[in-house]
Structure formats: structure tokens, C-alpha cells
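Descriptive structure summary
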Amino acid sequence: MASTLGGRMGPETHDFHPEDLNNCNAPLVSTLPQSSFQGSSQSSAAYAAHNAKLNRRDGAGGWSPVVTEQEPWLQVDLKEQMEVTAVATQGRFDSWDWVGGFLLLYSDTGRAWKQYRQEDGVGSV
């Protein structure tokens, strides 16, 4: 299985161009198929995990888990192993919903997960 979650996630404000594949600053998640996104839940079909892309207005403008969920998670399958250089989040389009913090975990198998830790030992962003 490929690396899961993360990647060269930057502001996705431009269209995809094939030459961007070798560019570390090119958006990664915008080119992934809907099947690459899984969430612990979704509050409705309009808030499905595949809508978890920056600057998108698809569906309801983002992913949103069930409100009562205690530990929601979002998983992105990058389809191949790669170095993660940045992760960006934003609030859901036309809403007051946003990410207040998150833990970043990664896996090559989709079964055994490791928590990313910054050099200072802090793992929660």
C-alpha cells in the first residue's frame, strides 16, 4: 500500500498541470481520486471525505464528521510513498466550521501507524 495522509499539501489555488508532478510546491491532494479519501464519519453525503480539499466548494465545501463523534479522523491515500513537506487546513466553505488542531499519523501499510513528531518532540499541531 502507498503512503497514507499528508503530502505536498499547499494552497490549492491553481489548476493542475502535468509538469507540477516534479514540483515540491505543487498541490498534491487536488489530483487524487475520491476513493483516496476516507473519514471516520460524515454528517451527510454533502460532507463526504472526498470534499476535504483546499479551496473547494464541492458538496458542502468540505468534509464534516458527525457532530457527536469524539475522535473523528480523515485518511488520505497518496497512492505512492513520498516525503511530506507541509500540511494545510482551512475552514469549510460558507461555514464557521474549522480545524482547531490535529495529530498527523502516517503509514506505508494502512495498518501500522506512526505519529509524526516535530524535532522539538511536539506531535500535536
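Residues numbered from 1 in each chain as written. Predicted model: local features only at pLDDT ≥ 70, side-chain atom pairs only at ≥ 80, totals over all residues. Heavy atoms only, no water.

1. Quick look at the overall build of the protein chain
- Looking only at helices and strands, the protein chain features zero helices and four strands.
- Shown N-terminal to C-terminal, the secondary structure of the protein chain runs as helices and strands in the order β-β-β-β.
- Residue burial in the protein chain is summarised as follows: out of 125 residues, 32% are buried.
- Taking the contacts inside the protein chain whose residues are at least 6 apart along the sequence as the reference set, 53% of them involve residues at least 24 apart. (Helix = DSSP H or I, 4+ residues; strand = E, 2+ residues; numbered from the N terminus. Buried < 20%, exposed > 50% of the residue type's maximum accessible area, 1.4 Å probe, protein only. Contact = heavy atoms within 4.5 Å.)

2. Some details on the environment of Val-76
- Secondary-structure assignment places Val-76 in strand β2 (residues 74–76).
- Residue class for Val-76 comes out buried when judged on its relative accessible area of 2%.
- Remark: the alpha-carbon pair of Val-76 and Ala-49, spanning 27 residues in sequence, is separated by 8.9 Å.

3. Focus on the confidence of the model for the protein chain
- In this model, the protein chain carries an average pLDDT of 75, and 71% of its residues clear a pLDDT of 70 or more.
- Below pLDDT 50 for its whole length, residues 1–16 participates in 70 contacts with residues either more than four positions away or in separate chains. (pLDDT = per-residue confidence, 0-100.)

4. A few points about unusual backbone geometry
- In the Ramachandran plot, Lys-79 falls in the positive-phi region, its phi being about 75 degrees despite a non-glycine side chain.
- With relative accessibility at 44%, the residue Lys-79 sits in the partly exposed group.

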